[in-house]
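Listed below, chain by chain, are the residues.
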Amino acid sequence: MTRCPGPSYQDIIDADAAAPPAVLRETSTDSLGAHDLPVDVYLSADYVRREAEELWPKVWQIAGRVEDVANPGDSFVYDIGENSLIILRTQAGELRAYHNSCLHRGTRLRDGAGSLERIRCPFHGFTWNLEGDLADVPCRWDFPLIEDDAFHLPEAQIDTWGGFVFVHLDPEAAPLEDYLEDLPRHFERWPLEERFVAARVERRVTCNWKIAIEAFIETFHIIGVHAANLPFFGDANSQYDVWPDQRHHDRMLNASGVPSPHIRHEMSDQRAIDIAARFGMVEPGTQVPEGATARSVMVEASRKRITDSTGVDTSGFGDAEVQDVIQYSLFPNIVLFGGLGSPLFYRARPDGDDPNSCLFEVMLLQPIPEGAERPAPAKRRWLEEHEKWGDVPELSYFGPVLDEDQDIMPRVQRGLRASRRPGISLGVYQESRIRHFRRTLEEYVPRAESD
Ligand code: FES
Ligand SMILES: [Fe+2]
């Protein structure tokens, strides 16, 4: 497949002092075509309804982190469209996902998170124990037909991988292990279950949830949205991997510490380091020694920063694992990061039935300091419309970058609504993950012939 002239991502990591692991040597492209993709999937209320029927009830989705329900009684509510689940840990230590609706007259049972002894409906007080068994019915004499067995709280499937709680609304669905395909093998070196939630921030973004996901799965947009990073980010060198037999995940590898092909002829190693220092990525005044490169200098700085901030010894990791963006999608709405350099997590969810709005969550998943106990997970911070990602100090230098993305996503949504074109035209290589995402989406939610 045609890609940017000049060094490939593989050429760049060939020159690294500490070699990359085998998983970063894998490459795969799938021929997904070059045709335009229809835009109605971002705009139509009817498509939101069809996703509610044909997508969300048929996928394994991440509800939260295992550490959110570490102890018996811990609980939180996961809402997806009109569906809502109470995720909790029972007294016996098992995870459960109960549909968040009272079996008396349907009231929403719980909001938010909390430690529970029982689940008590706020309307008339019907009560269930944590095992989902009916425990109390006020004025029981008035309900002669209620049988306890039939009033067990209905459950969704629940499972875990990578320290995440996954749920599936269909009790008959195939197991999570099948759904994840080859993804767990890719993360063997970066066990996300051994991370903790160092920051968790969520906000409303006025775009379709798919626009939000698609805004993060290519680096083609660096030249437009994050141009200040071009001196030390090899945007067009990026590798995009779509495996023909893997529907639910794909990947990109972005080299950091090398200048963008857009500007490499005007960028010396020292100048790149001087600019990186302004972003706090290396110490001010850092010099590139004879025989070194901007990348090797930034790798050393990253190793030191990671060790200082997390206590992790990076000596067993390749340069690419501490420096580069190693990013995977998990269908439909998750972006996960491998390696140590970008310990991020993104999730986009629909916002009720509005095609023009979504809920976007960012987590920082940091390694647990060596020998230390798992720190308590950060509480979710909700950002109001006027607040910025950059207002959250725990997000460090990722916050201002997210604000640049935040500005563009609603512009895409608004622009699409003003468009007279029925489709969007994607780059064949750099936007291949978007095409892959849309192909899998269409397998779940086919567009009607007349759409
Ligand atoms: S609706 Fe829940 S107890 Fe009446
Ligand atoms: Fe971005």
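In this text, all values refer to a predicted model and were calculated from it rather than measured experimentally.

**Some thoughts on the sheet that holds strand β16 (residues 334-338)**
Paired through backbone hydrogen bonds, the strands of a sheet run either parallel or antiparallel to each other.
No. 1: Strand order in the open sheet formed by eight strands is β13-β14-β15-β16-β17-β18-β12-β19, with mixed pairing between adjacent strands. The outermost strands of the open sheet, each flanked by one partner alone, are β13 (233-241) and β19 (381-383). In this sheet, adjacent strand axes meet at a mean angle of 20° when their direction is disregarded.
No. 2: Across five bridges, strand β15 (residues 325-330) lies against β16 in antiparallel orientation. Paired with isoleucine 326 across the two strands is glycine 338, which belongs to β16.
No. 3: Contacts between helix α12 (residues 432-444) and the sheet are confined to β13, β14 (249-256) and β15, with β14 contributing the most and set at about 165° to the helix.

**A short note on the nonpolar core**
No. 1: In terms of nonpolar packing, the biggest core is built from 103 residues, with Leu85, Ile87, Val167, Ala212 and Met298 touching the most fellow members.
No. 2: When residues of this core are assigned to domains, at least three fall in each of domain 1 (9-40 + 187-444) and domain 2 (61-178).
No. 3: Isoleucine 87 has contacts with Ala63, Gly64, Val69, Ser75, Phe76, Tyr78, Ala97 and Val165, leaving out every residue within four places of it along the chain.

**Some details on the pairing of β14**
No. 1: Burial analysis of β14 places eight of its eight residues in the buried class, which makes it a mostly covered element.
No. 2: Along β14, one buried face is formed by His249, Arg251, Leu253 and Ala255 and the opposite face, lined by Asp250, Met252, Asn254 and Ser256, is buried too.
No. 3: Here β13 pairs with β14 via five bridges, running antiparallel. By the bridge assignment for β14, glutamine 239 is matched with leucine 253.
No. 4: Sheet analysis places β14 next to β15, joined by six bridges and oriented antiparallel.

**As for the domain arrangement of the protein**
No. 1: According to the domain assignment, the protein consists of domain 1 (9-40 + 187-444) and domain 2 (61-178).
No. 2: Inter-centroid distance (C-alpha atoms) of domain 1 to domain 2 is 34 Å.
No. 3: Taken together, the elements giving at least two residues each to the side of domain 1 that touches domain 2 come down to β12 (195-205) and β17 (344-351).
No. 4: Its residues placed into classes, the side of domain 1 that touches domain 2 shows seven nonpolar, one polar and five charged.

**Digging into the packing of helix α8 (residues 269-278) against helix α9 (residues 294-310)**
No. 1: Closest axis-to-axis distance for the α8/α9 pair is 9 Å, and the angle between their directions is 30°. The residues of α9 that touch α8, namely those facing Asp269, Ala272, Ile273 and Ala276, are Ala294, Val297 and Met298.
No. 2: Each residue belonging to the contact of α8 with α9 can be placed in one class, and the counts come to six nonpolar, no polar and one charged.

**A closer look at the pairing of β17**
No. 1: Of all eight residues making up β17, seven are buried, and the element is well covered by its neighbours.
No. 2: Of the pairings in the sheet, the one linking β16 to β17 comprises three bridges and is antiparallel in character. Bridge pairing in β17 links valine 335 to tyrosine 346.
No. 3: Between β16 and the antiparallel strand that follows it, β17, lie five residues; glycine 339 among them carries a positive phi value of about 70°.
No. 4: Where β17 hands over to strand β18 (residues 354-367), the hairpin turn is made up of two residues, of which glycine 352 adopts a positive phi near 60°.

**Regarding unusual backbone geometry**
No. 1: For the peptide bond that leads from phenylalanine 331 to proline 332, omega is 0°, which places it in the cis range.
No. 2: Along the polypeptide, proline 332 turns up in the loop between β15 and β16.
No. 3: Although it is not a glycine, cysteine 139 sits at a positive phi angle of roughly 55°.
No. 4: On the secondary structure map, cysteine 139 appears in the loop between β9 (134-136) and β10 (155-161).
No. 5: With a phi angle near 50°, glutamate 181 is a residue other than glycine that sits in the positive phi range.

**Considerations on the environment of arginine 247**
No. 1: Among the secondary structure elements, arginine 247 is positioned in the loop between β13 and β14.
No. 2: Judged by local crowding, arginine 247 falls into the partly exposed class, with 16 C-beta atoms found within 10 Å.
No. 3: Separated by 66 residues in the primary sequence, arginine 247 and glutamate 181 place their C-alpha atoms 8.1 Å from one another.
No. 4: Filtering out sequence-adjacent residues up to four positions away, arginine 247 remains in contact with Phe331 and Thr440.

Rules behind the numbers
- Every residue gets a number counted from 1 within its own chain, in the order that chain's sequence is written.
- Chain letters and ligand numbers both follow the written order, the letters beginning at A and the numbers at 1.
- The model is predicted, so local features are restricted to residues of pLDDT at least 70 and side-chain atom pairs to those at 80 or more, both for listing and for counting; the totals for chains, interfaces and linings are taken over all residues.
- Strand pairing is assigned whenever DSSP detects at least two bridges linking the two strands.
- Strands here are runs of E lasting at least two residues and helices are runs of H or I lasting at least four, both read from the DSSP assignment and numbered beginning at the N terminus.
- Here the axes come from fitting lines to C-alpha atoms, over the contacting stretch only for helices, and the angles between their N-to-C directions go from 0 to 180 degrees.
- Residues are treated as contacting if the C-beta atoms built from their backbones sit within 7 Å of each other.
- Definition of nonpolar core: a set of buried Ala, Val, Leu, Ile, Met, Phe, Trp, Tyr and Cys residues joined via C-beta atoms within 7 Å.
- Buried residues are those with 20 or more other C-beta atoms within 10 Å of their own C-beta, exposed residues have 12 or fewer, and partly exposed residues lie in between; C-beta atoms are placed from the backbone.
- For the domains described, the bounds stem from an automatic or database domain assignment.
- Polar here means any residue outside two lists: the nonpolar Ala, Val, Leu, Ile, Met, Phe, Trp, Tyr, Cys and Pro, and the charged Asp, Glu, Lys and Arg; Gly therefore counts as polar.

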